[in-house]
Amino acid sequence: MSRIGKLPVTVPAGVEISIDDSNLVTVKGPKGTLTEQISKKIKVEVKDGTCELTVSDDSRESNSQHGLARTLVNNMVLGVTNGYEKKLQMIGVGYKAEKKGKDLVMQLGYSHPVIMPDPEGITTEVPDATTIIVKGADKALVGNYAANIRKWRKPEPYKGKGIRYENEVVRRKEGKTGK
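Residues numbered from 1 in each chain as written. Predicted model: local features only at pLDDT ≥ 70, side-chain atom pairs only at ≥ 80, totals over all residues. Heavy atoms only, no water.

(A) How the structure looks around the overall build of the protein chain. Along the backbone of the protein chain there are three helices and 13 strands. Whereas a compact globule of 179 residues would reach a radius of gyration of roughly 16 Å, the protein chain reaches 21 Å, over 25% beyond that. Projected onto its principal axes, the C-alpha coordinates of the protein chain cover approximately 65 × 45 × 25 Å. Going through the 179 residues of the protein chain one by one, you find that 33% of them count as buried. Only carbon and sulfur atoms are counted for the fraction: they give 49% of the accessible area of the protein chain, which is about 11,100 Å². Of the charged side chains in the protein chain, 30 are positive and 22 negative, and the gap between their average positions amounts to 11 Å. (Helix = DSSP H or I, 4+ residues; strand = E, 2+ residues; numbered from the N terminus. Rg over C-alpha atoms; globule rule 2.2 N^0.38 Å. Buried < 20%, exposed > 50% of the residue type's maximum accessible area, 1.4 Å probe, protein only. Areas by Shrake-Rupley, 256 points an atom, 1.4 Å probe, with all protein chains shown as cover. Lys, Arg positive; Asp, Glu negative; His and termini not counted. Charge placed at Lys NZ, Arg CZ, Asp CG, Glu CD.)

As structure tokens, this is what we get:
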């Protein structure tokens, strides 16, 4: 049995969890609605403001799914109540970002601007020219979109230029020395 899977998920007021016959868990809250397909080997029950996940049999596969399923449900509950956000910093001469409608427009040293439309359920904010904040209810979508933004210019080790997460530490290398 998983130590994480044994823990109950507390369901705050205003959040509603429903489970259908195929173990599709739907969580509704103030920030939106999220759904996740949970393995049929895991039994999901909602009672008295908590959601408990139990293993149907003692097989290795169901034990490995137990902690994952509990974490997925917990992340959905946290997402529809508080939401998730990732902050990205742009470091480099001429690197800047701005918001045009639902598009994120970035100048990254290419001959053209990089335009990325916000996916459904994700919003981006640009408080200043070198900071991007990605917000949303789904933890996986927020992380994936932030990684896609970062992919345009990963931080390089010599000058430290690029797009990095807020608290990311980039190990710097020493450049070549002359003869």
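(B) Layout of the sheet that holds strand β11 (residues 122-128). Pairing in this open sheet of four strands is antiparallel, and the strands run β11-β12-β7-β13 from one edge to the other. Lying at the two open borders of the sheet, with one neighbouring strand each, are β11 and β13 (162-165). This sheet shows a mean twist of 25 degrees between the axes of neighbouring strands, independent of strand direction. In the sheet, β11 pairs with strand β12 (residues 131-136) via five bridges, with the strands oriented antiparallel. Each bridged residue has a counterpart across the sheet, and for Ile 122 the counterpart in β12 is Gly 136. Strand contacts of helix α3 (residues 139-151): β7 (84-91), β11, β12 and β13, with the helix running at about 10 degrees to β7, the strand carrying the most contacts. (Pairing = 2+ DSSP bridges. Axes fitted to C-alpha atoms, helices over the stretch in contact; angles between N-to-C directions. Contact = heavy atoms within 4.5 Å.)

(C) Spatial organisation of the sheet that holds strand β8 (residues 96-100). Taken in spatial order, the three strands line up as β8-β9-β10 in an open sheet, and their pairing is antiparallel. Only two strands of the sheet have a single partner each, and these edge strands are β8 and β10 (114-117). In this sheet, adjacent strand axes meet at a mean angle of 20 degrees when their direction is disregarded. Here four bridges tie strand β9 (residues 103-107) to β10, and the two strands are oriented antiparallel to one another. Across the sheet, Leu 104 pairs through a bridge with Met 116, a residue of β10.

(D) Fine view of the pattern of salt bridges. In this structure the tally under the stated criterion is nine salt bridges. A salt bridge links Lys 87 to Glu 166, with the nearest nitrogen and oxygen atoms 4.0 Å apart. Of this pair, Lys 87 sits in strand β7 while Glu 166 sits in the segment after β13; the two residues are 79 residues apart in sequence, bridging distant segments of the chain. The class of Glu 166 is partly exposed, set by a relative accessible area of 41%. Connected through salt bridges with shared partners, the residues Lys 43, Glu 45 and Lys 47 form a single ionic network. (Salt bridge = Lys/Arg side-chain N within 4 Å of Asp/Glu carboxyl O.)

(E) Highlighting the side chain of Asn 23. With respect to the element layout, Asn 23 can be found in the loop between β2 (16-19) and β3 (24-29). A polar atom in the side chain of Asn 23 sits 2.8 Å from the backbone oxygen of Ser 39. Residues in contact with Asn 23, not counting those within four places in the same chain, are Glu 36, Gln 37, Ile 38, Ser 39, Lys 40, Ile 42 and Val 44. (Polar contact = N/O pair within 3.5 Å; in protein donor to acceptor, adjacent residues only side chain to side chain.)

(F) Molecular detail of the environment of Gly 175. Locating Gly 175 in the fold gives a position in the segment after β13. Overall, Gly 175 belongs to the partly exposed group, its relative accessible area being 42%. For the pair Gly 175 and Tyr 158, spaced 17 residues apart in the sequence, the C-alpha separation amounts to 6.5 Å.

(G) Spatial organisation of the packing of aromatic side chains. A full pass over the atoms with the stated rule returns one aromatic pair. Aromatic pair Tyr 110 and Trp 152: ring centres 6.1 Å apart, planes at 75 degrees, arrangement edge-to-face. Within this pair, whereas Tyr 110 is found in the loop between β9 and β10, its partner Trp 152 is found in the loop between α3 and β13, the two being separated by 42 residues in sequence. Among the residues examined, Tyr 110 registers a relative accessible area of 33% and is labelled partly exposed. Positioned above the aromatic ring of Tyr 165, the side-chain terminus of Lys 86 is 5.2 Å from the ring centre. When the ring centre of Tyr 110 is taken as reference, the NZ or CZ atom of Arg 153 above it lies at 4.3 Å. (Phe/Tyr/Trp six-rings, centres within 6.5 Å; stacked < 30°, edge-to-face > 60°. Lys NZ or Arg CZ within 6 Å of the ring centre and 35° of its normal.)

Everything listed is a geometric property; what it means functionally is a separate question.
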